[in-house]
Amino acid sequence: MQQSVSVEINGIRYDEQVPIRMLLVDFLRDTVGLTGTHVGCTFEGVCGACTVHLDGEAVKSCMMLAVQANGRAITTIEGLAPKGELHALQKAFTARHALQCGFCTAGILMNAAEFLKENPDPTDDEIRHALVGNLCRCTGYSHIVEAIRDAAVEMRK
Amino acid sequence: MGHPDLNWVGRELNRKEDLRLTTGKGQYFGDIKLQGALHLVFVRSSRAHALIKRIDTAAAKAMAGVFAVVTGAELKDKLKSLPIPVVVPALPARYPTFWPLAVGKVKFHGEPVAAVVAKDCYIAEDAAEAIEIEYEDLPYVAGPEEAMKPGAPILHPGWDDNKIFELGFTGGATPESVAQNETEVDRLIREAPVAIKRRFKVHRTGVTPMEPRGAMANWDPSDGMTCWVTTQRPHIDRLALAEILDIPTNQMRVIAPRDQGGGFGVKAPFYREPILVAFMAKHLGRPVRWQETREEHLMCVSQERDQIHDLEVAANKDGKIIAVRDRGLGDVGDGCEGVYWGFLMPFLGSALLPNGYDLPRCDIKLKCYVTNKSALSPARSFGSFATRFAMERMVDLVARAVDKEPADVRRLNLFTQLPYTTATGVYLDSGDFLKVFDTLTAKIDLKKFRQEQADARSKGRYLGVGFGVGAELSGVASAVLVPMENQPGFGAATVRIDPRGNVQIFEGDAPLGQGHETTFAQVAASELGIEPEHITVTTGDTGTTPFGSGTIGARGGSYTVSAVANACRHLKTKMAKILAHDLKLDASPADFDFASGMVTYRKEPSKQKSFRSLAERIIMAPLNLPAGETAGLEYTAFFEAEVPMICFSAHACVVEVMAQTGQFKILRYVTAEDVGKMINPAIVEGQVQGGVVQGLSNTMFEEFVYDDNGQQLTSTFESYKMATAADVPHVEVTDACTPCPHTPLGTRGLGEGIPGPVPGALTNAVCDALTPFNVDIIELPLRPNRIWQAIREAQSAKRAS
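Conventions used here
- Every chain begins its residue count from 1, and numbering advances along the sequence as written.
- As a convention, the first chain written is A and the first ligand written is 1, with the rest following in written order.
- Residue-level local features of this predicted model are given only where pLDDT is at least 70; pairs of side-chain atoms are given and counted only at 80 or more, and the full residue set underlies all totals for whole chains, interfaces and linings.
- To qualify as a helix, a DSSP run of H or I must reach at least 4 residues; to qualify as a strand, a run of E must reach at least 2; elements of each kind are numbered from the N terminus.
- A radius of gyration in this sense is built from C-alpha atoms; the matching globule rule multiplies 2.2 Å by the number of residues raised to 0.38.
- Counting other C-beta atoms within 10 Å of a residue's own tells you its class, since 20 or more makes it buried, 12 or fewer makes it exposed, and anything in between is partly exposed; those C-beta atoms are placed from the backbone.
- Contacts are defined on C-beta atoms placed from the backbone: any two residues whose C-beta positions lie within 7 Å are in contact.
- One less than the residue count of a helix, multiplied by 1.5 Å, gives the span that helix is expected to have.
- Note: domain ranges come from an automatic or database domain assignment.
- All amino acids are sorted into three groups, where Ala, Val, Leu, Ile, Met, Phe, Trp, Tyr, Cys and Pro are nonpolar, Asp, Glu, Lys and Arg are charged, and the leftover types, Gly among them, are polar.
- By construction, the arc corresponds to the directions joining the helix axis to the C-beta atoms.
- Note on pairing: DSSP must find at least two bridges between two strands before they are called paired.
- Orientation is described by axes fitted as lines to C-alpha atoms, over the contacting stretch for helices, and by angles from 0 to 180 degrees between their N-to-C directions.
- Small angles under 35 degrees read as roughly parallel and large ones over 145 as roughly antiparallel, with 65 to 115 read as roughly perpendicular and the rest as oblique.
- Each helix crossing is assigned a hand: it is left-handed if the near helix lies turned anticlockwise from the far helix by less than a right angle, otherwise right-handed if that turn is clockwise.
- Only buried residues count toward a nonpolar core: Ala, Val, Leu, Ile, Met, Phe, Trp, Tyr and Cys, linked into one set through C-beta atoms within 7 Å.

Novice: Can you help me understand the overall build of chain A in this one?
Specialist: Tallying secondary structure elements over chain A gives five helices and five strands in all. Helices and strands in chain A line up, N terminus first, as β-β-α-β-β-β-α-α-α-α. Here the C-alpha atoms of chain A give a radius of gyration of 16 Å, agreeing with the 15 Å that 2.2 N^0.38 yields for 157 residues. Overall, chain A is about 45 × 30 × 25 Å in size when its C-alpha atoms are taken along their principal axes. Across the 157 residues of chain A, 57% fall into the buried class. Intrachain contacts of chain A at a sequence separation of at least 6 include 62% that bridge at least 24 residues.

Here's what the structure looks like:
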């Protein structure tokens, strides 16, 4: 069964007919073609690689249906920074070597961007606890913590 | 040849990969789609061990959007079964016959039994649900001890028992020399002032990457087959797929996606699933893709370790170990997996058991059995995670027996004279183990810590320190890899300089996050005297890259990068010769420097030409070349060191244990590494941080659990617990490097073995903290309940005595 969905993604409106059982993450990746949002677990919401912003709030897009996003605004990793620019987090992740394979990175950046809005001056411990919804297999997390700390400093300027 | 401009080597250059990966522009397997591609879904066994009595696919076949449903019985005569030589080690073992889908019986919970190909994955999943399979259960073979019992159910038809592999690693080539060695070790153990025996058990765990597996195939009647596979060894996959599908190799191309979401060994085997994907693409004349789910992944791959070691050592009163006897036992699952067959990990683990310790007399034997679990697949610290744990715990037990500082006993037993060949035949080429270990103990300030520990203990707090070391492979030499995996070990790279003075590097291995694009560019930039931004690296496409056996065993920093350097040096010689000829200089190529984008005659620096215009002259205007010289600037170098090489690291862990609950906190985790000449220190540190945390996560959290009927209970990240950021410490990484004399730049490969010393260091720390209770932990995982139980047992034993 199909249903229409109207959703704004990274500032562009999409009106699409989708199967009602389609997951939001599949809609973003397959229908809209924004493949920066990844799937790392079997739609159980544990790995966090699919994290996007829904009306500014970080959510796991594998835990929602596309039709539930009707009338809402979504930001994905492709829309984290204005075109041609980089977010302080993206710069800090590069500078601190906070990614290796990069598969989890988009989800972590989206989660961290929301976190730093709520807590602009976090301790390392607060950063580590803010990251428990994102699994990373390569980095051991330490460089990620440093990068988020650096980005926080930059964003407070 | 002039002095290479080493400016770019040794610098923390930001990675070239990161711009696309931080902006969502990576090209992973899941992001590559072909128009009209169909989706394949596997139906996997719900039983651990059963005969397949009936499969009813009628309802699935009748569903709209379903293109094909296939079972093992239908497939069996249409393609070759494994084993095939290219993915079979040159080791004496029994290699089970298998097809991509189970034929006749299933041997583990999760084995592919049937497959559906449909318009999209939603329809394919629906159709898969509609397939009915009737099984007749057989008794579950739960572990090697059950598998070896007389009368145990036999897994593989035609076998007379369940033993897949058995090897003695010591004592020489003749039965007489082996028997003599056994007798001598036995005598030493009987007569030594200190003799200790323990049974060490390491559970089933591994290093699952964040990106699951996938395969997509497209058949074209003129070009043949193109397969996109998440893989560490595209060139081996190409040879194997061509043979099984009976397609000439010139019509078989395998592409490892440019970006891959981690591998750590898991993507190194030749698996059964891509075979079926390629077969169905040819059969249907449509592109077919399979994207593994996390559930499938955790059921079927990423499972390693799972060894038991009955280890005995004999030592002198000073703690010097004089003899070792080990009887290893491997639970390798069903063993149906190309290249590794489940047993290759325990095999190497036993070979690496002596580690960096001077153990002149060893008697080491291993037996591996097939069981009703998924085949072991490789994970970083390949096979040796278990043997490192056993040996490191044993060193601490020796220290306790002779009442000495465990760090001193390690120092006493570490090799001081390299090169050396261990009793198991592992060649340790170079390095300074004591320098690394002393750097480590200085960093943790061991003396001061022992004082703090004593003070804390007097206040009822239990602090402890533990150590572990790792002499690990730095690349895998042909001398090792040909017998072990029937594959060459050389590193290969093509360097192509274009007429604009820009450079392309082609690598046949397939990196998965290690930063090859950056480190290879740093090396080529240093060699050629240009900027890394003028260098591009292409990897993993068998249509464009030179043959390589894959991204395994820390090959990048040892073998492949050396091929890059040698290819650059070859091209520099050519460029210098032609420039000397053009400038009418009676000069040798060594008289020219390549630096800052210029090629300069050192004796008369005004005689120079830009790198770019010299490249343009040689490629675009190949006139008046020196006699015998040809146009073009492209070279493929194959690097093989004259000996196998190692890197070395030492780890220390400091913990506080709560004796009432068994809970513990890691206060510090410190490492010291010898990676030879470092190319990019940030990338080296990243490898260590990540490798240590994988080791901690394996030691404390991760465990694949099968219930009494062989049902796999840990196929989600809810049940298979991986460390989060809040669970682990920052790792203090220290360098103690000695350049490797066998590589052109002095580099060593690092990465593969990093988790190895972790379980020993952490468990030794916990046991050290609990010295007043005399706690002896010999089994993993290391969790509070086990520690608490060990404390209770030690207390009741004390009361009883």
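Structure's up, so let's keep going.
Novice: Sorry, what's going on with helix 20 (residues 758–769) of chain B here?
Specialist: Given 3.6 residues per turn, any residue in an α-helix points the same way as the ones three and four places further on. Here helix 20 of chain B contains twelve residues, and its C-alpha end-to-end distance of 17 Å stays within 8% of the 16 Å for a straight helix at 1.5 Å per residue. Among the twelve residues that make up helix 20 of chain B, twelve are buried, leaving the element largely enclosed by the rest of the structure.

Novice: I keep staring at the domain arrangement of chain B and nothing clicks. Help me out?
Specialist: As a measure of interface size, the accessible area lost when the parts come together is often cited. Residue and element names in this part refer to chain B. For chain B, the domain assignment lists domain 1 (6–27 + 490–639), domain 2 (32–138 + 211–261 + 267–300) and domain 3 (304–478 + 643–800). Centre-to-centre, using C-alpha coordinates, domain 1 lies 39 Å away from domain 3. Counting residues at the interface gives 25 residues for domain 1 and 23 residues for domain 3. Of all the elements in the fold, those that place two or more residues in the side of domain 1 that touches domain 3 are helix 16 (516–528) and helix 17 (556–582). Of the residues that constitute the side of domain 1 that touches domain 3, the class distribution is nine nonpolar, 13 polar and three charged.

Novice: Would you take a moment to explain the interface of chain B and chain A for this structure?
Specialist: Taken together, the contact between chain B and chain A spans 46 residues of the former and 44 residues of the latter. Every element with two or more residues in the side of chain B that touches chain A is listed here: helix 1 (18–22), helix 9 (294–300) and helix 19 (681–700) of chain B. For the side of chain B that touches chain A, the leading source of residues is helix 19 of chain B, giving seven residues. A per-class count over the side of chain B that touches chain A returns 17 nonpolar, 19 polar and ten charged.

Novice: Looking at this structure, I do not really get helix 6 (residues 175–191) of chain B. What am I missing?
Specialist: All names here are of chain B. A rise of 1.5 Å per residue sets the reference length of helix 6, with its 17 residues, at 24 Å; its end C-alpha atoms lie 24 Å apart and thus fit the reference within 8%. For helix 6, every residue scored as buried is listed here: V185, L188 and I189. Seen from one end, helix 6 has its buried residues packed into an arc of 95 degrees, which puts them on one side. Projecting away from the buried face of helix 6 at angles above 90 degrees are the exposed residues P175, E176, A179, T183, R190 and E191. Against strand 8 (194–205), strand 13 (304–315), strand 14 (321–331) and strand 15 (362–369) lie the buried residues of helix 6.

Novice: Explanation requested: the sheet that holds strand 12 (residues 288–291) of chain B in the structure shown.
Specialist: Remark on secondary structure: sheet strands pair via backbone hydrogen bonds, oriented parallel or antiparallel. Residues and elements named next belong to chain B. The seven strands lie next to each other as 3-5-1-12-9-10-11, forming an open sheet whose pairing is mixed. In this open sheet, the two edge strands, each paired with only one partner strand, are strand 3 (66–71) and strand 11 (252–255). Put simply, the sheet's adjacent strands are angled 20 degrees from each other on average, direction ignored. As defined by bridge partners, strand 3 adjoins strand 5 (residues 112–118) across five bridges and the pair is classed as antiparallel. Directly across from T71, in strand 5, lies its bridge partner A114. On the sheet, helix 4 (residues 121–129) packs against strand 1 (38–44), strand 3 and strand 5 and is oriented at approximately 30 degrees with respect to strand 1.

Novice: What exactly am I supposed to notice about the domain arrangement of chain A here?
Specialist: All names here are of chain A. By domain assignment, chain A separates into domain 1 (2–79) and domain 2 (88–156). Each of domain 1 and domain 2 has a C-alpha centre, and these two points are 22 Å apart. Across the contact, 15 residues belong to domain 1 and eleven residues belong to domain 2. Those elements that provide at least two residues to the side of domain 1 that touches domain 2 are strand 3 (51–54) and strand 4 (57–60).

Novice: Even after reading the chapter, I still don't get unusual backbone geometry, so can you show me in this structure?
Specialist: Most peptide bonds take the trans form, and the phi angle of most residues other than glycine is negative. All names here are of chain B. Residue P419 is bonded to the preceding L418 through a cis peptide linkage, with omega at 5 degrees. Note on placement: P419 falls in the loop between helix 12 (406–413) and strand 16 (420–421). Cis geometry is adopted by the peptide bond preceding P781, which originates at L780 and carries an omega value of 0 degrees. The phi dihedral of N486 falls on the positive side, at around 60 degrees, and the residue is not glycine. With respect to the element layout, N486 can be found in the loop between helix 15 (478–485) and strand 19 (491–497). For N486, a count of 17 C-beta atoms within 10 Å gives the class partly exposed. Not every positive phi belongs to a glycine, and A554 is a case in point at roughly 55 degrees.

Novice: Sorry, what's going on with the sheet that holds strand 2 (residues 50–56) of chain B here?
Specialist: On the basis of which strands lie adjacent, the open sheet formed by three strands has the order 4-2-6 (chain B) and antiparallel pairing. In this open sheet, the two strands that pair with only one neighbour each are strand 4 (105–106) and strand 6 (132–137) of chain B.

Novice: Before we go on, may I ask you to explain the packing of helix 11 (residues 384–401) of chain B against helix 12 of chain B in this structure?
Specialist: The relative placement of two packed helices comes down to the angle between their axes together with the axis-to-axis distance. Residues and elements named next belong to chain B. At a closest axis distance of 9 Å, the pairing of helix 11 and helix 12 adopts a crossing angle of 110 degrees. Taken together, the axes of helix 11 and helix 12 are roughly perpendicular relative to one another. Note that helix 11 runs across helix 12; the crossing there is right-handed. Seen from helix 11, the contacting residues are V395, D396, V398 and A399; seen from helix 12, they are P406, V409, R410 and N413. In terms of residue class, the contact of helix 11 with helix 12 is built from five nonpolar, one polar and two charged.

Novice: Explanation requested: the pairing of strand 1 (residues 2–9) of chain A in the structure shown.
Specialist: One face of the sheet, then the other: side chains in a regular strand alternate in exactly this way. Residue and element names in this part refer to chain A. Note: strand 1 against strand 2 (residues 12–19), eight bridges, orientation antiparallel. Within strand 2, the position partnered with V5 by the bridge is E16. Counting the residues between successive antiparallel strands, the hairpin from strand 1 to strand 2 contains two residues, one of them, N10, with a positive phi of roughly 50 degrees. Two elements, strand 1 and strand 5 (residues 73–75), share two bridges in a ladder whose sense is parallel. Following the sheet pairing, E8 is matched in strand 5 by A73.

Novice: Please clarify how the nonpolar core should be interpreted in this entry.
Specialist: What tends to happen in soluble globular proteins is that the nonpolar side chains get buried as a cluster. Residues and elements named next belong to chain B. Counting 321 residues, the largest nonpolar core has A115, V116, V117, V277, A524, V564 and V766 as the members making the most contacts within it. Looking at this core, the element that brings in the most residues is helix 17, giving twelve residues. The residues touching V277, leaving out its near neighbours within four places in the chain, are L40, A215, M216, A217, V288, R289 and W290.

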